[in-house]
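Chain by chain, the residues run as shown.
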Amino acid sequence: MKYRNFGKLDWQPSALGFGCMRLPTTDNQPLGANINEELVIRMIRNAIDKGVNYIDTAYPYHQGNSEIVVGKALQDGYRERVKLADKLPVWLVNEPADFDRLLDEQLHKLSTDHIDFYLLHALTRKRWSDIVLKHDLIKKAEAAIKDGRIRYLGFSFHDSYDVFEEIIKAYDWTFCQIQYNYMDISNQAGIKGLKLAASRGIGVVVMEPLLGGHLANPPASVRDAMDQVADLYTPADLALKWIWNQPEVSLVLSGMSSMEQVDENLLSADGSAVNSFTTTEKKAIAALRKSYRSGIAVPCTNCKYCMPCPHGVEIPANFEFFNHAYLYNDLAAAKFRYSIYLTPSQRSDKCIACKECEDKCPQKIEISSWMPKVTEMLSA
Ligand SMILES: NC(=O)c1ccc[n+]([C@@H]2O[C@H](COP(=O)([O-])OP(=O)(O)OC[C@H]3O[C@@H](n4cnc5c(N)ncnc54)[C@H](OP(=O)(O)O)[C@@H]3O)[C@@H](O)[C@H]2O)c1
């Protein structure tokens, strides 16, 4: 296993971390409640035996059961060999006391007396202002650090770069967790967010490195782009190594769904290195990106020239989720993102076709004509 740096912290994380959101289930329901406990315990312990020292779970994963199974996997001496990351479901906080109630419940489910890395889960602009700041949750977290229930505070993030910058600069975070892969360099925090966090000595944990598995299984239209490196890499290996190639990344969380994937990704991590990509790999990534992008419906580049919309519509994010359905043939994930990461007032149905944005769009997209289509596809 390769080990890396974690911001200002005097601790080295394994290049690969174990994400416990997509565990195998006994009824083959992705993300479902019936985790295949026996297999998962073996998978997690296998990863730890081979050097993984960071395990990531969260309150809602597998309908609450991920924390319980992770707690079981970390019995028999495994807890002491890893740093454990878990997340406060901020959307369930209605008053400051909820912080302690939820944290104590999580410690109980995990059968541990402390969580090493505690994150405010899935922050957006609204959750940051209306929940975290409103209930002074950072003060609650600092108290939990003082009494030993958590060691370090961070946050995970799903909104635009400007929101990320505001949150990053608002507190002396130890670490953050961002969605990052070769298709998401200018979505959400993106490469700008990665570099900003790293420049401030904040550890950066990467989630969705394979875009939830899509980049491991490229559609036929994209496979040609893999040809130039197919004898050197599998699609998953190339996507993971592209992230490890970047010195600003602290560790990559992979959500592994089988023992074979654990073994493959351990091997990838062993072969990973910073700044090791040659022109061959860079060309292959550029070709893959181009092939994927040729499948998008709306040629939005997320430049945000159209913003702000006078009616509050988050135009680029609406297009991002709409395009996701086409790019990866995954309508369910696109609908999920649309419903979770956009507030009702930011969604496409609030467009009144004033067309103020259309003059500003360098791509000349007929935004007001697309918005009803976004609504029709994603709002059901
Ligand atoms: N804080 C947040 O807001 C948040 C959000 C998302 C994720 N996370 C965390 O980040 C972790 C990583 O994100 P993710 O689970 O979306 O990661 P990911 O690596 O992008 O996707 C995981 C999926 O990729 C596929 N896969 C993994 N290794 C593979 C391999 N070697 N070959 C082929 N396919 C492979 C599997 O899909 P199949 O099952 O289809 O084979 C697996 O379920 C999560 O588990 C979770 O802990 C946090």
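In the block above lies the structure referred to throughout.
Not measured: the values here are computed from a predicted model. (Residues numbered from 1 in each chain as written. Predicted model: local features only at pLDDT ≥ 70, side-chain atom pairs only at ≥ 80, totals over all residues. Heavy atoms only, no water.)

Undergrad: Hey, could you go over the pattern of salt bridges for me, with residue numbers and the actual values?
TA: For the structure shown, the criterion picks out 21 salt bridges. K72 is the salt-bridge partner of E37, the closest N and O atoms lying 3.1 Å from each other. Here K72 lies in helix α2 (residues 65-73) and E37 lies in helix α1 (residues 37-49), a separation of 35 residues in the sequence. Using a relative accessible area of 33% as the deciding quantity, one classes E37 as partly exposed. A residue is classified by how much of its surface remains accessible, and K72, at 37% relative accessible area, is partly exposed. Of the charged contacts in the structure, one is a salt bridge between D116 and R79, with a shortest N-O distance of 2.9 Å. You can see D116 sitting in strand β4 (residues 115-123) and its partner R79 sitting in the loop between α2 and β3 (83-88), a full 37 residues away along the chain. Both residues of the pair, D116 and R79, belong to the buried class. The network of salt bridges with shared partners includes D100, D104, K140, D147 and R149. (Salt bridge = Lys/Arg side-chain N within 4 Å of Asp/Glu carboxyl O. Helix = DSSP H or I, 4+ residues; strand = E, 2+ residues; numbered from the N terminus. Buried < 20%, exposed > 50% of the residue type's maximum accessible area, 1.4 Å probe, protein only.)

Undergrad: A description of the nonpolar core should follow, citing residues and the corresponding values.
TA: With 93 residues, the main nonpolar core has F18, I44, I55 and F155 as its most contacted residues. If we skip the residues at most four places from it in the chain, I44 touches F18, C20, I55, V70, A73 and L74. Membership of the second largest hydrophobic core comes to 21 residues, among which are C309, I315, Y338 and M371. (Core = buried A, V, L, I, M, F, W, Y, C linked by side-chain atoms within 4.5 Å. Contact = heavy atoms within 4.5 Å.)

Undergrad: Lay out the packing of aromatic side chains in plain terms, naming residues and giving numbers.
TA: Applying the stated rule across the entire model yields 22 aromatic pairs. Ring geometry for F6 against W11: centres 5.5 Å apart, planes inclined by 65°, an arrangement best described as edge-to-face. Exposure class is identical for F6 and W11. Each is buried. Directly above the ring of Y59 sits K109, whose terminal nitrogen or CZ lies 4.8 Å from the centroid. If you follow K192 out to its NZ or CZ, it ends over the ring of Y161, 4.3 Å from the centre. (Phe/Tyr/Trp six-rings, centres within 6.5 Å; stacked < 30°, edge-to-face > 60°. Lys NZ or Arg CZ within 6 Å of the ring centre and 35° of its normal.)

Undergrad: Describe in detail the side chain of E281, supporting the description with residues and values.
TA: Following the sequence through the fold, E281 ends up in helix α11 (residues 279-293). Put simply, E281 is tucked away with no salt bridge, and the nearest opposite charge, on K282, sits 8.1 Å away. Here Y233 takes part through its side chain, which lies 2.6 Å from a polar atom of the side chain of E281. The contacts of E281, once residues within four sequence positions are left out, are Y233 and L238. (Lys, Arg positive; Asp, Glu negative; His and termini not counted. Polar contact = N/O pair within 3.5 Å; in protein donor to acceptor, adjacent residues only side chain to side chain.)

Undergrad: So, the pairing of β4: which residues are in play, and what are the values?
TA: Within β4, nine of the nine residues are buried, leaving the element largely enclosed by the surrounding structure. Of the pairings in the sheet, the one linking β3 to β4 comprises four bridges and is parallel in character. Across the sheet, D86 pairs through a bridge with Y118, a residue of β4. Considered for its hand, the β-α-β crossover made up of β3, helix α3 (residues 97-110) and β4 is right-handed. As judged from the six bridges shared by β4 and strand β5 (residues 150-157), these two strands associate in the parallel manner. In the strand pairing of β5, L120 is matched with F155. (Pairing = 2+ DSSP bridges. Right-handed = clockwise from strand over helix to strand, strands pointing away.)

Undergrad: Run through the packing of α2 against α3, naming residues and quoting values.
TA: Running from N to C, α2 and α3 cross one another at 45°; their axes reach a closest spacing of 7 Å. By the angle between their directions, the pair α2 and α3 is classed as oblique. In contact with E67, I68, V70 and G71 of α2, α3 contributes Q106, K109 and L110. Residue composition of the contact of α2 with α3, grouped by class: three nonpolar, two polar and two charged. (Axes fitted to C-alpha atoms, helices over the stretch in contact; angles between N-to-C directions. Parallel < 35°, antiparallel > 145°, perpendicular 65-115°, else oblique. Nonpolar A, V, L, I, M, F, W, Y, C, P; charged D, E, K, R; others polar.)

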